[in-house]
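Summary of structural features
Listed below are the residues making up each chain.
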Amino acid sequence: MKKLKRKKLKKDNKGFGVIEVVLLIIVAIALVLIFQEEVTSFVDNSVDYLEPAGEQILQDSGLELDVE
């Protein structure tokens with residue numbers, strides 16, 4: 001009986017990918033929580049750097065962006 005279960009488990013790999021994805025998501029969330037200040041600072045700096053370029057593209061294209 002145990003041999004049949006072992007063979008069946010070896011052949012059935014359907015849930016293996018799901019477990020990996022869940023573990024990767026958990027690790028990613030943990031890293032973000034651990035390095036929250038650094039991640040926030042990085043995102044803020046990136047937005048500050050890209051914002052003038054975006055405004056210039058809008059001006060060059062003649063489009064207006066209403067930011068309130």
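Structural notes, computed from the coordinates. (Residues numbered from 1 in each chain as written. Predicted model: local features only at pLDDT ≥ 70, side-chain atom pairs only at ≥ 80, totals over all residues. Heavy atoms only, no water.)

Some thoughts on the overall build of the protein
Broken down by element type, the protein carries three helices and zero strands. Each helix (α) and strand (β) of the protein, taken in turn from the N terminus, gives the series α-α-α. Looking at the protein as a whole, 0% of its 68 residues qualify as buried. A total of about 7100 Å² of accessible surface is found on the protein, and carbon and sulfur atoms cover 65% of it. (Helix = DSSP H or I, 4+ residues; strand = E, 2+ residues; numbered from the N terminus. Buried < 20%, exposed > 50% of the residue type's maximum accessible area, 1.4 Å probe, protein only. Areas by Shrake-Rupley, 256 points an atom, 1.4 Å probe, with all protein chains shown as cover.)

Considering the environment of Ser46
With respect to the helices and strands, Ser46 occurs in helix H3 (residues 36-61). Using a relative accessible area of 25% as the deciding quantity, one classes Ser46 as partly exposed. Here Phe42 takes part through its backbone oxygen, which lies 2.9 Å from a polar atom of the side chain of Ser46. (Polar contact = N/O pair within 3.5 Å; in protein donor to acceptor, adjacent residues only side chain to side chain.)

A word on a nonpolar patch on the surface
Residues Val27, Leu31, Val32, Ile34, Phe35, Val39, Phe42, Val43 and Val47 make up a contiguous nonpolar surface patch of roughly 820 Å² in combined accessible area. When contributions to the nonpolar patch are tallied by element, the ones reaching two or more residues are helix H2 (16-34) and H3. One can find Val39 in helix H3. Residue Val39 is classed as partly exposed on the basis of its relative accessible area of 34%. (Patch = residues over 30% accessible without salt bridge, like charges linked within 9 Å, V, L, I, M, F, W, Y side chains within 5 Å. Salt bridge = Lys/Arg side-chain N within 4 Å of Asp/Glu carboxyl O.)

Some points on a negative patch on the surface
A contiguous patch of negative charge, built from Asp44, Asp48, Glu51 and Glu55, is present on the exposed surface. Along the chain, the position of Asp48 falls in helix H3. (Lys, Arg positive; Asp, Glu negative; His and termini not counted. Charge placed at Lys NZ, Arg CZ, Asp CG, Glu CD.)

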